[in-house]
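Listed below, chain by chain, are the residues.
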Amino acid sequence: MSPKSSKAGKAKARKTGFRRIATEEAFSVPEQMDAMREVLARQTEYDPDLFLWKVQTDPNGPVNKPLLDLEGERMRIMDRDGVDMHLLSLTSTGVQMMEPGKALAVAIAANDRLAAAIGRHPDRFAGLATVPPHDVSGAIKEAERAIQKLKLNGIIINSHTNGEYLSDRKYWPLLEAIAGLKSSLYIHPRSPIPAMAAAYRPDHLEHAIWGYQAETGLHALRLITSGVFDQISSLKIILGHMGEALPYWLYRIDYMHGMAPIQFDRAKLKKRPSDYFKRNFMITTSGMNWHPVLKFCIEVLGADNIMWAIDYPYQTSPDAVKFMNTAPISDADKHKIFHKNAERIFHIKQA
Ligand code: MN
């Protein structure tokens, strides 16, 4: 990466009028690849996430090199397409399939490498810290180190860990710590918990075609109905893929949650489910380059709650840039979605 091409990238971004911060951009580190090769070596039965990890750990596969690369091809593509910044996150499943001790060690290594890359290119990279949810106290300590010392821009967790969701009260101290750090939590997809994945198995529907959004949308809904947002009212959660289908269902969720004649055994909430979704969640456009859904989400959630993303290297940067460049929305909203909301939520310095 020469300084010359970095300048060219900035010039191109300026010329087109929008600073572009992409907010769900995956990377990996050798420590994660090695640890996942160990997990793969212990595998005894089909696992949808490991199915993908077999591809991701293959040096000759389509995503291994793009994931491990930060300052080569990735930056050339950013320059070419006028993408100013990647908000990087360790690729799914992060450290969540590793033994807890190993998971913490890999999280620390990944966060250190991420902070170093941001230090070398503070105008091109920001990043979300990885934590091991299955080691709650270790995760809290690493979240504190990542935000306070490494100055990373938020936390990412890839949906369930060993089949458990963050709505389980044992994880609330971690959620409280994230809110206490004035940070936010990106809940990124992974394949569904085994009980759900079985039903999606034919034609591999348990992957990103449907399983990811079913799993992650359920995770977010479980958080809402658990009452955690009455307890931790400032907690901010970010969902990719235009909100993992939840915006579409909010009316029905409210209606059914409030159905008086049938007494379900549910936590009592102070507000309607949609009120928490609007107050405690933001969404990104990752992997959903589709104008009708964008317009719908702006109408339901407001342009202040939507951020642009590519989902590099799993989806392509020209598609995502063209999608937002050509979106039939106001320039003011485009500025919010391309960069202003990300600057606010992830504490990214304004350009
Ligand atoms: Mn992604």
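Everything numeric in this text was worked out from a predicted model, so none of it was measured.

Draft legend 1. Representation of the overall build of the protein chain. For the protein chain, the count of helices and strands is 17 helices and nine strands. Computed over its C-alpha atoms, the radius of gyration of the protein chain comes to 19 Å, within 12% of the 20 Å expected for a compact globule of 351 residues. Across the 351 residues in the protein chain, those meeting the buried criterion constitute 57%. At a minimum sequence separation of 6, the contacts of the protein chain that also span at least 24 residues come to 77%. Charge-centre separation for the protein chain: the mean point of 45 positive side chains lies 6 Å from the mean point of 39 negative side chains.

Draft legend 2. Structural context of the sheet that holds strand β1 (residues 21–27). Strand order in the open sheet formed by three strands is β1-β2-β3, with parallel pairing between adjacent strands. Across the chains shown, the open sheet's two edge strands, defined by having one partner strand only, are β1 and β3 (125–127). Each neighbouring strand pair of the sheet contributes to a mean axis angle of 35°, computed without reference to strand direction. Direction of pairing for strand β2 (residues 85–90) relative to β3: parallel, over a ladder of three bridges. Residue pairing across strands places Leu88 opposite Gly127, the latter belonging to β3. Contacts from helix α5 (residues 73–81) reach β1, β2 and β3 within the one sheet, and its direction differs from that of β2 by about 145°.

Draft legend 3. Structural view of the pairing of strand β6 (residues 185–188). The alternating pattern of β6 places Leu185 and Ile187 on one face and Tyr186 and His188 on the opposite face, and all of these are buried. When strand β5 (residues 155–158) meets β6, the two strands line up parallel, connected through four bridges. Bridge pairing in β6 links Ile157 to Ile187. Two elements, β6 and strand β7 (residues 237–239), share three bridges in a ladder whose sense is parallel. Paired with Leu185 across the bridge in β7 is Ile237.

Draft legend 4. Representation of the layout of surface pockets. Within this model, the largest pocket holds a volume of roughly 1,100 Å³. Taken together, 48 residues make up the lining of the largest pocket; nearest its centre are Ala208, Tyr212, Gln213, His241 and Glu244.

Draft legend 5. A look at helix α17 (residues 331–345). A rise of 1.5 Å per residue sets the reference length of α17, with its 15 residues, at 21 Å; its end C-alpha atoms lie 20 Å apart and thus fit the reference within 8%. Of all the bends in α17, the greatest, near 50°, is centred on Ile337. Buried within α17 are the following residues: Asp333, Lys334, Ile337, Phe338, His339, Asn341, Ala342, Glu343 and Ile345. Here the buried face of α17 lies against β1, β7, β8 (281–284), α15 (291–301), β9 (306–307) and α16 (317–325). After α17 finishes, the residue His347 shows a positive phi value of roughly 55°.

Draft legend 6. Inspection of the environment of Leu152 at higher detail. By secondary structure assignment, the location of Leu152 is in the loop between α7 (136–149) and β5. Distance in space between the C-alpha atoms of Leu152 and Val321 is 25 Å, their sequence separation being 169 residues. Apart from residues no more than four positions distant in its own chain, Leu152 is found in contact with Asn111, Leu114, Ala115, Ile118, Gly127, Ala129, Ala146 and Ile147.

Rules used in this analysis
- Residues numbered from 1 in each chain as written.
- Predicted model: local features only at pLDDT ≥ 70, side-chain atom pairs only at ≥ 80, totals over all residues.
- Heavy atoms only, no water.
- Helix = DSSP H or I, 4+ residues; strand = E, 2+ residues; numbered from the N terminus.
- Rg over C-alpha atoms; globule rule 2.2 N^0.38 Å.
- Buried < 20%, exposed > 50% of the residue type's maximum accessible area, 1.4 Å probe, protein only.
- Contact = heavy atoms within 4.5 Å.
- Lys, Arg positive; Asp, Glu negative; His and termini not counted.
- Charge placed at Lys NZ, Arg CZ, Asp CG, Glu CD.
- Pairing = 2+ DSSP bridges.
- Axes fitted to C-alpha atoms, helices over the stretch in contact; angles between N-to-C directions.
- 1 Å grid on protein atoms, 1.4 Å probe; cavity = no way out; pocket = protein on both sides within 12 Å on 5 of 7 lines; lining within 4 Å.
- Points joined across faces, edges and corners; volume = space filled by probe spheres on them.
- Expected span 1.5 Å × (residues − 1).
- Bend = angle between axes of the 7 residues up to and from the residue.

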